[in-house]
Amino acid sequence: MAKVGIVMGSDSDLPVMSKAAEFLDKVGIEYEMTIISAHREPDIFFEWAKGAEERGIKIIIAGAGKAAHLPGMCAALFPMPVIGIPMKTSDLGGVDSLYSIVQMPSGIPVATVAINGGQNAGILAAKILATSDAELLNKLKDFSEEMKNSVVEKAERLDEVGYKNY
């Protein structure tokens, strides 16, 4: 059963949203992914968001651009955590989306990652789920170790190309 719901307002968001899905795949978290426009098909959106808990969803990752209502509306209808991903837009570079997601009214929180921060949304969802899943927590610790080792290897390569690395 899917634990994370991934929803985006347009297929143009897929390159960013797929980064969340790729990380969830990496750590073995099941998810469902769909495209729903909160503005163009509100009835379908309401049905999806209101039914998420019953489908076993524990966290929703919602990506949206411009007015970015999708994450906030998910948070208004879904009783568990929602993570918003503001999409980079051609008009204002995603700042419009970022402001729309972080400026939620009191009582309707949305955790927000960076503009186009798909992977971080997947990581944050995994970290939330890991609070009650020791096996997942160990996978996240392994991922952190992999990231650290990657940076160490890059620093060591500086020596190989003639730069002094302390």
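What comes next is a walk through the structure. (Residues numbered from 1 in each chain as written. Predicted model: local features only at pLDDT ≥ 70, side-chain atom pairs only at ≥ 80, totals over all residues. Heavy atoms only, no water.)

This brings us to the pairing of strand β2 (residues 31-35). Bridge count for strand β1 (residues 4-8) against β2 is five bridges, and the pairing is parallel. Within the sheet, the bridge partner assigned to V7 lies in β2 and is T34. Following the chain from β1 across helix α1 (residues 14-27) to the adjacent parallel β2, one finds a crossover that is right-handed. (Pairing = 2+ DSSP bridges. Helix = DSSP H or I, 4+ residues; strand = E, 2+ residues; numbered from the N terminus. Right-handed = clockwise from strand over helix to strand, strands pointing away.)

Tallied over the full model, the rule gives two aromatic pairs. Ring centres of F23 and F143 lie 4.9 Å apart, and the angle between their planes is 75 degrees; on these two criteria the pair is classed as edge-to-face. Taken together, the positions of F23 in helix α1 and F143 in helix α6 (residues 134-160) put the pair 120 residues apart, joining distant regions of the chain. Relative accessible area serves as the criterion here: at 2%, F23 is assigned to the buried category. When the centroid spacing of 5.8 Å and the interplanar angle of 85 degrees are considered together, the rings of F45 and F46 count as edge-to-face. (Phe/Tyr/Trp six-rings, centres within 6.5 Å; stacked < 30°, edge-to-face > 60°. Buried < 20%, exposed > 50% of the residue type's maximum accessible area, 1.4 Å probe, protein only.)

What follows covers the packing of α1 against α6. Relative orientation of the contacting elements α1 and α6 amounts to 115 degrees, with a least axis distance of 10 Å. Viewed along their axes, α1 and α6 adopt a mutual orientation that is roughly perpendicular. Counted together, F23, K26 and V27 of α1 and L136, K139, L140, F143 and E146 of α6 form the full contact between these two elements. Grouping the constituent residues of the contact of α1 with α6 by class yields five nonpolar, no polar and three charged. (Axes fitted to C-alpha atoms, helices over the stretch in contact; angles between N-to-C directions. Parallel < 35°, antiparallel > 145°, perpendicular 65-115°, else oblique. Contact = heavy atoms within 4.5 Å. Nonpolar A, V, L, I, M, F, W, Y, C, P; charged D, E, K, R; others polar.)

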